[in-house]
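These are the residues of each chain, in order.
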Amino acid sequence: MDKYILPFIEIDKDSIPQAGGKGANLGEMTQAGFPVPPGFVITSNAYKLFLEENKLTGVIREALKTSNLGLGKNAQDHPERFQQASEKIVRLMRKGSIPTAVKTEILRSYDKLGSLWRLPLVAVRSSATAEDLPDASFAGQQATYLNIKGDNNLLEAVRDCWASLFTARAIFYRQEKKFDHFKVGIAVVVQKMIQPEVSGIAFTRDPITQDKHKMVIEAVWGLGEFAVQGTVTPDRYGVERHSLSILGIFQHPQKTQLVKVGAKTLERKVPVYRRNRQKLSEAKIKELGRILQKIHNHYFFPQDIEWAYTGGKFYIIQARPITTLRLADARSGQAGQNEERETKNEEPLHVGEIILRGQGASPGIVTGVVKIVSSPKNLSKVRKGDILVAKMTSPDYVPAMKKALAIVTDEGGVTSHAAIVSRELGVPSVVGTKEATSKLHDGLVVTVNGKEGVVYKGKARSGKGEGGQDTDKDTDIERVEITSQVRTATRIYVNLAEPERAEEIAKLPVDGVGLLRAEFMIAQIGVHPKHLIAQRRQQVFIEKLEKGILQFCQSFNPRPVIYRTTDFKTNEYRNLDGGKAYEPEEPNPMLGFRGAYRYIADPDVFELELAAIKKVREQYKNLWVMIPFVRSPEELLQVKRIMAASGLIRSPSFKLWLMVELPINVILIEDYIKVGIDGVSIGSNDLTMLTLGTDRDNGEVAPAFNEMSPAVLKLLEKTIRACDKFGVTSSICGQAPSIYDELVDYLVKLGITSMSINPDSLGRVQKVVAEAERRLLR
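Residues numbered from 1 in each chain as written. Predicted model: local features only at pLDDT ≥ 70, side-chain atom pairs only at ≥ 80, totals over all residues. Heavy atoms only, no water.

**Student:** Would you explain the overall build of the chain in this entry?
**Tutor:** Along the chain, the regular secondary structure elements total 29 helices and 31 strands. The buried share of the chain, reckoned over its 778 residues, is 56%. Looking at the chain alone, contacts between residues at least 24 apart form 69% of all its contacts between residues at least 6 apart. Carbon and sulfur atoms form 50% of the exposed surface of the chain, whose accessible area is close to 32800 Å². (Helix = DSSP H or I, 4+ residues; strand = E, 2+ residues; numbered from the N terminus. Buried < 20%, exposed > 50% of the residue type's maximum accessible area, 1.4 Å probe, protein only. Contact = heavy atoms within 4.5 Å. Areas by Shrake-Rupley, 256 points an atom, 1.4 Å probe, with all protein chains shown as cover.)

Following this line, the structure appears as structure tokens:
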């Protein structure tokens with residue numbers, strides 16, 4: 001007789017066909033005696049009975065057939081077909097009735113997790129299974145529902161988990177791999193939730209250095225979600241895997257935590273007496289280390305483990321293989337050396353005195369001669385190989401930044417202009433030092449460590465070898481292989497600005513340019529466009545801009561190039577030749593005369609830009625346009641009218657995107673979509689500043705700039721959901737996905753269509769997206 005429910009104790013690693021990968025793993029650990037919170041699995045047999053009794057198999061087949069999904073590249077060209085098929089199937093499944101026999105067993109098992117007077121809170125997760133398929137990682141769509149309480153809520157969550165097998169992304173993967181949709185089953189894990197005092201993630205092998213003998217534990221007060229989101233910095237403990245000796249303790253204060261209050265998860269302040277305390281004592285670190293050691297030995301492979309501590313006891317929530325280990329260990333000797341240095345002393349070099357500290361904005365270690373630039377007028381003093389030092393940078397500084405070996409600023413954070421351009425150019429950068437321009441002087445030799453965010457006096461020497469070796473080049477950048485073999489449903493674009501880099505970057509396995517910034521090309525023209533108009537030399541502007549855009553379109557053809565129309569602020573325009581005659585001095589240029597409002601109030605310059613776009617499109621049809629800083633749907637409509645008058649009208653080969661960077665863009669997103677656009681790209685830099693009221697370029701408040709803020713994440717979710725609803729594409733082009741792997745994972749879960757990232761983060765983001773998509777389908 002088919003079993004519809006299996007308690008964890010009856011499941012092991014061979015139970016994947018019935019319990020799915022997640023369920024089998026929890027059962028395996030329970031049987032092995034590891035402290036796993038109790039639970040049960042609703043088997044794939046229950047799912048099959050659900051399909052049979054509701055006569056859904058034939059209906060699903062018909063929905064898939066009529067959607068004309070196609071295969072291979074044709075499938076990627078029609079994502080809306082997968083969405084249409086998914087919506088139809090999910091709607092039907094959610095209307096289905098859970099068979100009585102299954103329902104009875106689910107509720108009986110659920111009651112056993114609680115007490116006589118109290119219903120338990122549980123986590124409900126899908127657990128994919130596969131029958132005779134070569135690659136089960138694509139078998140199902142991951143869905144998780146937390147803090148579920150009550151019979152009806154539990155049954156609804158189970159039905160939603162079953163329906164998640166037919167999300168657009170899951171259908172796409174099975175179609176792409178030519179898997180039979182009906183040879184894939186899904187189980188559902190129901191597990192009792194606990195309220196941890198401390199929780200976190202642990203790795204039985206250091207995932208960064210690849211040191212085989214070191215385990216890493218990260219710990220936060222309360223639920224572990226804050227650590228994953230990057231909202232708080234966790235404590236980090238290094239433990240030797242064999243002896244369990246503690247290799248290093250890196251403690252971080254924590255002011256807020258996530259706690260479970262009833263059926264809700266709420267943010268609460270950490271009690272004052274705990275804020276600066278170490279999360280786990282040394283004795284508890286070793287106690288958890290013993291559990292990790294046993295799990296590692298049980299599986300014979302490094303594990304990524306979620307853990308929690310409450311009531312004097314550790315619990316293992318989940319364990320899975322570490323998927324980010326390098327395939328080859330040829331570099332493990334070097335990694336081990338680096339790791340040994342890290343645990344003894346976080347500075348890996350023999351260096352002179354540290355003279356500045358800031359935020360590491362672009363990795364690498366270089367030595368050079370300081371050149372202080374007080375304004376764009378002094379750019380000529382920077383020669384190739386110098387260290388450019390400035391209060392802050394703007395697009396005018398780009399010509400000098402291209403020559404610089406490293407960039408150091410007084411102000412700004414990791415998403416400031418200096419940081420963004422440094423990463424794009426691939427040069428080390430330290431920002432937000434507060435006193436670089438006053439402490440350093442022209443001609444001083446310094447070493448810049450862009451990863452650690454420090455500047456040393458003199459020339460650094462490596463700790464390797466007898467007598468050391470000069471560190472005059474990047475020896476500290478994490479190299480991530482970029483491979484064309486990694487294919488993802490989420491399209492990966494790059495952010496670019498320099499025409500000179502177009503040909504080089506176009507050779508990479510990317511889907512196009514998701515953000516082509518106009519400002520850098522205009523800064524290279526060097527003259528204010530209205531000054532050229534006054535001299536009747538506007539054709540110079542059109543031809544030079546056309547030439548720059550043409551390089552991108554030619555290099556990337558037929559992949560799309562999304563050109564963001566000019567978004568210079570008045571202070572940036574004033575720095576161009578002749579600019580002071582045409583630009584007001586504004587107290588707050590960020591919120592001033594810029595973006596769409598500028599195009600409407602003074603369309604002459606915008607029309608020059610449109611003329612250049614139109615000339616490029618006469619040769620290459622892969623050029624699309626994105627409109628920035630649009631303060632209302634009415635502004636968007638007026639901009640569209642100006643474009644139409646110039647002969648630029650939306651068509652199958654000419655897409656129009658809206659840049660979502662103002663809170664109003666999110667609040668009224670449906671109204672913007674109804675004006676008529678093909679897609680949006682979220683400018684997370686400005687959106688974060690305007691949501692949190694924080695200037696990322698102001699060193700005094702830059703630490704408060706947090707793209708992982710729950711408020712920002714909610715805005716991202718609302719935008720992506722609305723785009724899905726109306727069938728327009730969604731993307732993000734801010735710096736956040738180039739920095740935060742956890743945000744990339746979150747965006748993939750939301751179903752974002754594409755991401756546009758810095759070229760230097762391509763290999764890493766490519767792998768994080770691929771792994772996130774696979775994890776959704778387990």
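Structure shown, so let's carry the discussion forward.
**Student:** How should I be thinking about the sheet that holds strand 7 (residues 214-221) in this particular structure?
**Tutor:** Whether parallel or antiparallel, the strands of a sheet pair through hydrogen bonds between backbone atoms. Pairing within the open sheet is antiparallel, and its 6 strands lie in the order 9-8-7-6-12-13. Only two strands of the sheet have a single partner each, and these edge strands are strand 9 (246-250) and strand 13 (313-321). On average, adjacent strands in this sheet sit at an angle of 20 degrees to one another, irrespective of strand direction. With 8 bridges joining them, strand 12 (residues 303-310) and strand 13 adopt antiparallel strand pairing. For Trp307, the partnering residue across the bridge sits in strand 13 and is Ile316. Across the sheet, helix 10 (residues 282-299) touches strand 6 (198-203), strand 7, strand 8 (235-240), strand 9, strand 12 and strand 13, and the angle it forms with strand 13 is around 35 degrees. (Pairing = 2+ DSSP bridges. Axes fitted to C-alpha atoms, helices over the stretch in contact; angles between N-to-C directions.)

**Student:** Explanation requested: the pairing of strand 8 in the structure shown.
**Tutor:** Here is the key point about a regular strand: its side chains alternate between the two faces of the sheet. Counting buried positions over the 6 residues of strand 8 gives 6, a clear majority of the element. Pairing analysis gives 6 bridges linking strand 7 to strand 8, with the strands arranged antiparallel. The residue bridging Lys214 from the neighbouring strand is Glu240, located in strand 8. By the bridge criterion, 4 bridges tie strand 8 to strand 9 in an arrangement that is antiparallel. Looking across to strand 9, one finds that Tyr237 is bridged to Ile249. The hairpin formed by strand 8 and strand 9 contains 5 residues between the paired strands, and Leu244 there has a positive phi angle of roughly 65 degrees.

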